[in-house]
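The lines below spell out each chain.
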Amino acid sequence: MEQERDTLIIQTTQLKVIINTSTFKCTWYQLDTAQQWTLLFKDRQTQAYQHHIAIAHPTCHYISRTPQEQYFGLGEKTGTVDKQGQRMRMTNIDAMGYNAQHTDPLYKHIPFYITHHSETHQSYGLFYDDYQSSIFDLGKELDNYHGYYRYYETSADFLDYYVIGGCSIKSVAQHFSQLTGRPTLFPSWSASYSGSTMKYTDEPHSQQRLNQFLEDCQQHDINVRSFHLSSGYTSIGDKRYVFNWNYDKFPDPQAFGQTFTNQNVEIVANIKPSLMLNHPLLDEVLAFNGFITDANGQPLKIQFWDDQGYYLDFTNPKTIAWWQRQIKTQLLDNHIHCTWNDNNEFEIWDNDATVYGFNGERQLFNDYRAVMPLLMSMASREIQQRTTDTDYPYIISRSGCAGMAKYVQTWTGDNATNWETLEYNNYMAQGLSLSGVHNFGHDIGGFSGPKPDPELFLRWVQNGIFYPRFSIHSWNSDSTVNEPWMHPSVLAEVKDAMLLHERLIPYFDKLQQRSHQEFEAIVRPTFYDFEHDVITLNDTSTWMLGPDLLVAPIVTSGQQQKSIYLPDNGTGWIDFFTQRYYDGGQTITIPVTLSTIPIFVINDSTIPLLDETLTETTHYTFAPKE
């Protein structure tokens, strides 16, 4: 560090910042491969921070941009992988049936993105360590007075940000993952097929219906290792009451849980962080003031689903203890070892709402807004760890913030049933993976809307098998259920795809370990591994599963042939099924039938696969067929 008059220079082995101490405007540099300092970005020369604009202006950060920049990340965001020219809001909301191309915001709050400059080939990350609602504008706004710029604006009264260097997009993403928390491991079975639907637990004889599901899987020779139990098991009338078993639907919860675990199938029970105003356990929580409160310290009444209730306050140790007792007695003691932390966006719009703040000194809820889903999940995980005596229990959460991968698996929420969602969920996945969240998937077949037709359902299955969370889930508007056998005309192709997914479990286990140990994304853009091939920076229609497997999904109805760009990897590619060799750095065209699943393996790489009986693992080396 050195200082000269109005200039302060701070330098590390990779980054350098020059600060004008009179204006606090910063100019950032990174050491390139030639050991030369290359400009990364600089604060906007006209009005970069709140104190440059007006005391009443929101907290903000305006920085320079150029047309040669691309922006990747921001967690779970709709649209294309490159966010250049977009404006996005960062807050957690329940966006059921969202448009995967346009809806914003969604369920997660991860204020981090990677900038890549196409001319200097430099990449870096910006992470705004802030849990309040905020806005990112990455070039949508244009003002002649200020030149090209982008900005971050937050409801918080402080600005706290990290500049993360790296020699590549991959290294920046790894550094961010390391900064925000080592991704946890999950049991191997969690990557296998997981059944789920809202419909089963809404039926009057749910326990019987779910037992029938196990029989149906056996009848169709489909391997299932878990079932996501929707919240209908807690219903009174048409409302949901967390931790309240409906004994008409489930006469014997313990026998129900035992039936599933006896068949090596884990139940993942849906739990929600709000109690309705007439919840049977409401008075217990009111007695120790365990809810989020208004400015006067009274429980804050909020909208929850189609009724009203109170949100639990997970900064209150008594609330955490109460929550964990319920999980223990209502779930774990009934052979239900896993939790599905749902509807946990904590949609509170009262700026004066307060929380316990861990030490009883009331603090504003908004300071905890995005972290509250994480605190809920941590509470669930802790009791699962203690009771099941495992360091790595299975827990899934819909909402979360930066660092959520340290505790939970997730999914991209309640998606809409259409071809557009199938395509754009893959783009969303690439952004989420670059933002430190590695273990996730999508609702296969679409959650919201009418049932998918046979072709759409099949293509969704063939796409979904390459994610570490593979769950067919639905709440279809026509009262149907998305099940593997729902369309007999494509059942054979569906079963073939699902068998391939199960055979890939050892590979998923390997990728989990790499995520945990090396902070490597599981599902990732092709430019993550082949950034030197500039075509990959714009062609995001294919993606990598780990470092070895390229996936080129069919996401268009009626497609009869498909053009696929194979990145320049220096060694070539092998068709997974035919072992045909292809040079990298070229576009190929292949014929497409209903059974087509286009996947390619890096030449001479080895992938662990189960055999077709799912009993023995073999390490297959993919090389040209002689």
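In this convention, every chain numbers its residues from 1, walking through the sequence in written order. Local features in this predicted model are restricted to residues whose pLDDT is 70 or higher, and side-chain atom pairs enter the listing and the counts only when it is 80 or higher, whereas totals over whole chains, interfaces and linings include all residues. The side-chain quantities take in all heavy atoms of the structure and omit both hydrogens and water.

Another point: empty space enclosed by the protein. Cavities and pockets are found on a 1 Å grid laid over the protein atoms alone: a cavity is a set of points where a 1.4 Å probe fits but cannot escape, a pocket is an open set with protein on both sides within 12 Å along at least five of seven lines, and a lining residue has an atom within 4 Å of such a point. Grid points are joined across faces, edges and corners, and a volume is the space filled by probe spheres set on the points. Inspection of every chain in the model, using the stated rule, returns 5 cavities of 30 Å³ or more. Forming the boundary of the largest cavity are Pro183, Thr184, Phe186, Ala405, Val408, Val437, His438, Asn439, Gln512, Ser515 and Ile522. Just so you know the grouping, Ala, Val, Leu, Ile, Met, Phe, Trp, Tyr, Cys and Pro go in nonpolar, Asp, Glu, Lys and Arg go in charged, and all remaining residues, Gly too, go in polar. Its residues assigned to classes, the lining of the largest cavity comprises 6 nonpolar, 5 polar and no charged. Roughly 60 Å³ of internal volume is contained in the second largest cavity. Around the second largest cavity, the lining residues are Arg459, Gln462, Asn463, Phe466, Val551, Ala552, Pro553, Ile554, Thr596, Ile597, Pro598 and Ile599. Secondary structure elements are defined from DSSP: runs of H or I of at least 4 residues count as helices, runs of E of at least 2 residues count as strands, and each element is numbered from the N terminus. The leading source of residues in the lining of the second largest cavity is helix 10 (residues 454-464), at 3 residues. By residue class, the composition of the lining of the second largest cavity is 8 nonpolar, 3 polar and 1 charged.

Here we take up the layout of surface pockets. Approximately 380 Å³ is the volume found for the largest pocket. In terms of lining residues, the largest pocket is bounded by 18 residues, among which Asp221, Ile222, Asn223, Val224 and Leu614 are the most central. Going through the elements one at a time, helix 4 (206-219) and helix 11 (491-503) are the ones with two or more residues in the lining of the largest pocket. Considering each element in turn, the lining of the largest pocket owes the most residues, 4 residues, to helix 11. Grouping the constituent residues of the lining of the largest pocket by class yields 8 nonpolar, 5 polar and 5 charged.

Working definition: a ring pair exists when centres of Phe, Tyr or Trp rings (six-membered ring for Trp) sit within 6.5 Å. Plane angles under 30 degrees give stacked, over 60 give edge-to-face, the rest tilted. Taken as a whole and assessed by the stated rule, the structure comprises 46 aromatic pairs. Aromatic side chains Trp245 and Phe250 sit 5.5 Å apart centroid to centroid with 70° between the ring planes, which places their arrangement in the edge-to-face category. Taken as a pair, Trp245 and Phe250 share a single burial class, namely buried. Each member of the aromatic cluster is reached from another via a ring pair, and the members are Tyr200, Phe213, Phe227, Tyr233, Trp245, Phe250, Phe256, Phe260 and Trp485. Geometrically, a lysine NZ or arginine CZ counts as sitting over a ring once it is within 6 Å of the ring centre and also within 35 degrees of the ring normal. The ring of Tyr29 carries Lys16 above its face, with NZ or CZ at 5.4 Å from the centroid. When the ring centre of Tyr149 is taken as reference, the NZ or CZ atom of Arg44 above it lies at 4.6 Å. Any residue under 20% of the maximum accessible area for its type is buried, any over 50% is exposed, and the rest in between are partly exposed; the area is computed with a 1.4 Å probe on protein chains only.

Here the focus is the domain arrangement of the protein. Domain start and stop points were drawn from an automatic or database domain assignment. Entries for the protein in the domain assignment read domain 1 (2-180), domain 2 (188-518) and domain 3 (523-622). Taking only C-alpha atoms into account, the centre of domain 1 sits 32 Å from that of domain 2. A buried area of about 3300 Å², summed over both sides, lies between domain 1 and domain 2, and 58% of it is on carbon and sulfur atoms. Salt-bridge detection follows one rule: a side-chain nitrogen of Lys or Arg within 4 Å of a carboxyl oxygen of Asp or Glu. On inspection of domain 1 and its partner domain 2, the count reaches 1 salt bridge. Put simply, Arg398 and Asp94 hold a salt bridge, and the shortest N to O gap is 3.2 Å. Polar contacts, as counted here, are pairs of nitrogen or oxygen atoms within 3.5 Å of one another; within protein the pair requires one atom able to donate a hydrogen and one able to accept it, and residues that are adjacent in sequence qualify only if both atoms are side-chain atoms. Run the count over domain 1 and domain 2 and you get 23 residue pairs in polar contact (both at pLDDT 80 or more). Mapped by element, the contributors of at least two residues to the side of domain 1 that touches domain 2 are strand 7 (69-73), strand 9 (108-109), strand 10 (112-117) and helix 2 (169-180). The biggest single contributor to the side of domain 1 that touches domain 2 is helix 2, with 6 residues. Buried area is understood as the total, over both parts, of accessible area removed when two parts are fitted together, assessed with a 1.4 Å probe.

A separate point is the sheet that holds strand 35 (residues 543-545). Strands pair, by our definition, only if DSSP identifies at least two bridges between them. Reading across the sheet, the 6 strands line up as 34-35-36-41-38-39 and stay open at both edges, with antiparallel pairing between neighbours. The open sheet has two edge strands with one neighbour each: strand 34 (523-525) and strand 39 (581-582). Pairing analysis gives 2 bridges linking strand 38 (residues 573-575) to strand 39, with the strands arranged antiparallel. Within strand 39, the residue paired with Trp573 across the bridge is Tyr582.

This next bit is on the packing of helix 11 against helix 12 (residues 505-518). The convention used is that axes are lines fitted to C-alpha atoms, helices contributing only their stretch in contact, and that angles between N-to-C directions extend from 0 to 180 degrees. Running from amino to carboxyl end, helix 11 crosses helix 12 at an angle of 45°, the nearest separation of the two axes being 5 Å. Considered as vectors, helix 11 and helix 12 are oriented oblique to each other. Contact residues: helix 11 offers His501, Glu502 and Arg503, while helix 12 offers Ile505, Pro506 and Phe508. Of the residues contributing to the contact of helix 11 with helix 12, the split by class is 3 nonpolar, 1 polar and 2 charged. Comment on the angle field: the value is read as roughly parallel under 35 degrees, roughly antiparallel over 145, roughly perpendicular from 65 to 115, and oblique elsewhere. In this analysis, two residues are considered to be in contact whenever any of their non-hydrogen atoms come within 4.5 Å of each other.

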